[in-house]
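The chain contents come next:
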Amino acid sequence: MSSTSPHAPDTARFPVLPPGFVFGTATASYQIEGAHDEDGRGPSIWDTFSHAPGRTAGGATGDIACDHYHRYREDVELLRRLGVDSYRFSVAWPRIQPRGTGPANTKGLDFYDRLTDALLEAGVSPAVTLYHWDLPQALEDRGGWRVRETAEAFAEYTRLVVERLGDRVGRWITLNEPFCSAFVGYAEGRHAPGAREGTGALAAAHHLLLAHGNAVRVLREAGASQIGITLNLDRIHAASSSPADLAALRRAETLHNEVWTEPLFNGRYPTGESETWGELADGSYRRDGDLDTIGTPLDFVGLNFYRPLTVSDAPHAEAHASRRTAMDIRVAESDPYGTRHTTMGWPVVPAAFTELLVDLSARYPNLPPVYITENGSAEADTVSPDGAVRDTDRVAYLRDHLAAVSAAIDAGVDVRGYYCWSLLDNFEWARGYGQRFGIVRVDYETQERTPKDSYHWFRELITVNRASAQEH
């Protein structure tokens, strides 16, 4: 006879997290809002990039995206029905300051005012990301993240937003995935602004961190009590135990992780900079006192996770150092996992999520509480004759990764919440509209929203967890 209570949650289907754990979903402004030239919004680097021939799959742009700017009430109703505690959205800097500096565009702030009020009326707590990659093009024209002035402008922008929304927003995130902004945007060139640089990309990384520190201080002065940053740290494995591959692992750790974690949580720059970048890491963009600003204490850290990496030693792609990008660090990636892959081609390895969380917590004893600010999968959804959207693989992905979070908590990691990526199918950056991450399907021709099986599963997960919390 089983000793399990007939009312006990089915933990095989619905991982149970601690009482008070925050469940949410997330989106980003350029990926869903549309209305790219309405109500005074200026162009962003993603408007410029996506309109350039050959930059995005099928020439896709975010001009319309999910038309969230006009349909936000419908999307808030989806959140209310889902039952999430919190919704993470980002503010589009070009809506607030069309040229990146100067007085606020009132109509831009009005939109986020309306969205915030609608969320609160629906019983959903807003979590605001100040920067999710849509830099005003006017600032890029003046040097973008390569120059210190952009970090200073970010403080001014932050002040305008918190003055309008600070009385109702409880959780603030300064930057989303600065790795992508600095290295995918300024070194690899796959994201806006599409640059392929060495020292310029490293300067961008530094100035993003400086902007973060500037914003934390502005938010703190305004009375904000929950302030963090979202990082996409990677769980990285070496392809072998050879000295060369282990050295490649160290360089990859520097590039992907320690550029961010060492200044934020250890008050220093990575020790492996010279081995990773050589003369490119000249530090010319740094000033005395920057580390103090960057390391301003945080209330939490956001973590985005999708898949692990395996790396090995490789020759430089560019023989001449003067022409090398900051991504050219003699590292090759491979995929030895032998597991299912999402439609992005990413291996599904939930155990690596637990490893990352446990390792991060052990490496930085002063690490603030963690929120998983993005986790999800792009899948080949199917629409049945009755209109239902079947996404069994996504349900399994979410279930297994939430179980991995639960395992990390059991191992002592202080994880406080989980935001599923994403509420809606949306513009997937350079990949256009071919990849669907949403738990709600969007028909891009009609803008019709259809909750998928994963939406209903996530709603039931939240219900099961709330019932479990009440029992305890």
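Note that the coordinates shown come from a computational prediction; the quantities given were computed from them, not determined experimentally.

Visitor: Got a minute to help me understand empty space enclosed by the protein in this structure?
Guide: Empty space among the atoms becomes apparent when a probe as large as a water molecule is rolled across them. One pass over the full model with this rule turns up five cavities of 30 Å³ or more. There is about 120 Å³ of room inside the largest cavity. Around the largest cavity, the lining comprises 14 residues; the ones closest to its centre are Leu-202, Ala-205, Val-259, Glu-273 and Arg-286. In terms of residue count, helix 9 (residues 199-221) provides more of the lining of the largest cavity than any other element does, four residues in total. A breakdown of the residues in the lining of the largest cavity according to their chemical character gives 11 nonpolar, one polar and two charged. If you add up the space inside the second largest cavity, you get close to 90 Å³. Every residue along the wall of the second largest cavity is listed here: Leu-233, Asp-234, Arg-235, Ile-236, Glu-253, Asn-257, Thr-261, Leu-356, Asp-359, Leu-360, Arg-363 and Tyr-364.

Visitor: What is the right way to look at the sheet that holds strand 6 (residues 236-238) in this model?
Guide: If you trace the three strands from one edge of the open sheet to the other, you get 6-8-9, paired in mixed fashion. Either end of the sheet is taken by a strand with one partner, and the two such strands are strand 6 and strand 9 (331-334). This sheet shows a mean twist of 40 degrees between the axes of neighbouring strands, independent of strand direction. Bridge count between strand 8 (residues 309-313) and strand 9: four bridges; the pairing is antiparallel. Bridging from a neighbouring strand, Asp-313 pairs with Val-331 of strand 9.

Visitor: Just checking my understanding: could you explain the pattern of salt bridges for this structure?
Guide: Overall, the coordinates contain 38 salt bridges when judged by the stated rule. Measuring nitrogen to oxygen at the nearest pair gives 2.8 Å for the salt bridge that ties Arg-168 to Asp-117. In this pair, Arg-168 is assigned in the loop between helix 7 (148-165) and strand 4 (171-176) and Asp-117 in helix 5 (residues 106-121), connecting sequence segments 51 residues apart. The exposure class assigned to Asp-117 is partly exposed, which follows from its relative accessible area of 31%. The salt bridge involving Arg-363 is made with Glu-253; its shortest N-O contact spans 3.8 Å. Highlighted residues: Arg-363 in helix 13 (residues 350-363) and Glu-253 in helix 10 (residues 243-266), separated in sequence by 110 residues. Residue class for Glu-253 comes out buried when judged on its relative accessible area of 9%. Residues participating in the shared-partner salt-bridge network are Asp-110, Asp-113, Asp-117, Arg-164, Asp-167 and Arg-168.

Visitor: Would you take a moment to explain the confidence of the model for the protein for this structure?
Guide: Any segment with low pLDDT has predicted coordinates that should not be analysed in fine detail. Across the protein, pLDDT averages 96, with 98% of residues at or above 70. This stretch, residues 1-8, has a pLDDT under 50; its non-local contacts, to residues over four places away or in other chains, come to one contact.

Visitor: So what exactly am I meant to see when it comes to the layout of surface pockets here?
Guide: Estimates place the volume of the largest pocket at around 800 Å³. Surrounding the largest pocket, 38 residues form its lining, Cys-180, Arg-190, Arg-307, Met-344 and Trp-346 being those nearest its centre. Those elements that place two or more of their residues in the lining of the largest pocket are helix 8 (178-186), strand 8 and strand 9. No other element matches helix 8, which puts three residues into the lining of the largest pocket. A volume near 320 Å³ is recorded for the second largest pocket. The set of elements that each furnish at least two residues to the lining of the second largest pocket consists of helix 10 and strand 9. Residues of the lining of the second largest pocket, tallied by class, amount to 10 nonpolar, two polar and eight charged.

Visitor: Just to check I follow, could you spell out the packing of aromatic side chains for this structure?
Guide: Two numbers describe a pair of aromatic rings. These are the distance of the centres and the angle of the planes. Taken as a whole and judged by the stated rule, the model has 37 aromatic pairs. Each ring, one from Phe-89 and one from Tyr-112, has its centre 6.3 Å from the other, and the planes form 0 degrees; the classification is stacked. Of the two residues, Phe-89 sits in strand 2 (residues 86-90) while Tyr-112 sits in helix 5, which places them 23 residues apart along the sequence. Each member of the pair, Phe-89 as well as Tyr-112, is classed as buried. Judged by centre distance (5.3 Å) and plane angle (80 degrees), the ring pair of Phe-300 and Tyr-371 falls under edge-to-face.

Visitor: What is the right way to read helix 8 from this model?
Guide: It helps to recall that an α-helix has 3.6 residues per turn; residues three or four apart then point in one direction. Counting buried positions along helix 8 yields nine of nine residues, so the element is predominantly enclosed. Along helix 8, the positions that sit buried rather than exposed are Pro-178, Phe-179, Cys-180, Ser-181, Ala-182, Phe-183, Val-184, Gly-185 and Tyr-186.

Visitor: Help me out: how do you make sense of unusual backbone geometry in this one?
Guide: The general pattern is negative phi for most residues beyond glycine and trans for most peptide bonds. Looking along the chain, the bond that leaves Ala-192 and enters Pro-193 is cis, with omega of 10 degrees. Following the sequence through the fold, Pro-193 ends up in the loop between helix 8 and helix 9. Cis geometry marks the peptide bond from Trp-421 to Ser-422; its omega dihedral reads 10 degrees. For Ser-422, the position within the fold is in the loop between strand 13 (415-421) and strand 14 (440-442). Here the phi dihedral of Ala-65 falls at roughly 50 degrees; this positive angle occurs in a residue that is not glycine.

Visitor: What am I meant to see in helix 15 (residues 453-471) here?
Guide: With 19 residues, helix 15 extends 27 Å between its outermost C-alpha atoms, agreeing within 8% with the 27 Å of an ideal straight helix rising 1.5 Å per residue. Listed as buried for helix 15 are Ser-454, Tyr-455, Trp-457, Phe-458, Leu-461, Ile-462, Val-464, Asn-465 and Ser-468. Residues of helix 15 that are buried sit in contact with strand 1 (22-26), helix 3 (68-82), helix 14 (392-410), strand 13, strand 14 and strand 15 (449-451).

Visitor: Can you help me understand the environment of Gly-278 in this one?
Guide: Within the secondary structure layout, Gly-278 lies in the loop between helix 11 (273-277) and helix 12 (290-294). For the pair Gly-278 and Ala-321, spaced 43 residues apart in the sequence, the C-alpha separation amounts to 8.5 Å.

Analysis parameters
- Residue numbers here run from 1 along each chain, matching the order of that chain's written sequence.
- Local features in a predicted model are, by the rule used here, given only for residues with pLDDT of at least 70; side-chain atom pairs are given and counted only at 80 or more, and totals for whole chains, interfaces and linings are based on all residues.
- Side-chain metrics in this entry use all non-hydrogen atoms of the structure; hydrogen atoms and water are not considered.
- A pocket, in this scheme, is an open set of points on a 1 Å grid over the protein atoms alone with protein on both sides within 12 Å along at least 5 of 7 lines, while a cavity is a set where a 1.4 Å probe fits but cannot get out; residues line either one if an atom lies within 4 Å of a point.
- Grid points are joined across faces, edges and corners, and a volume is the space filled by probe spheres set on the points.
- Helix numbers and strand numbers start at the N terminus; a helix is a DSSP run of H or I with at least 4 residues, a strand a run of E with at least 2.
- Each residue is assigned to one class: nonpolar for Ala, Val, Leu, Ile, Met, Phe, Trp, Tyr, Cys and Pro, charged for Asp, Glu, Lys and Arg, and polar for all the others, Gly among them.
- Strands are treated as partners if at least two bridges between them are detected by DSSP.
- Fitting a line to C-alpha atoms yields each axis, with helices limited to the stretch in contact; the angle taken between N-to-C directions then spans 0 to 180 degrees.
- A side-chain nitrogen of Lys or Arg and a carboxyl oxygen of Asp or Glu constitute a salt bridge if their distance falls within 4 Å.
- For every residue, the accessible area obtained with a 1.4 Å probe (protein chains only) is divided by the maximum for its type, and the residue is called buried under 20%, exposed over 50%, and partly exposed between those limits.
- For every residue, the predictor states its confidence as a pLDDT score lying anywhere from 0 to 100.
- Contacts were defined at the residue level, with two residues in contact if any of their heavy atoms lie within 4.5 Å.
- Centre distance within 6.5 Å is the pairing criterion for rings of Phe, Tyr and Trp, where only the six-membered ring of Trp is used; planes under 30 degrees apart are then read as stacked, over 60 as edge-to-face, and the remainder as tilted.
- The span expected for a helix works out to 1.5 Å for each residue beyond the first.

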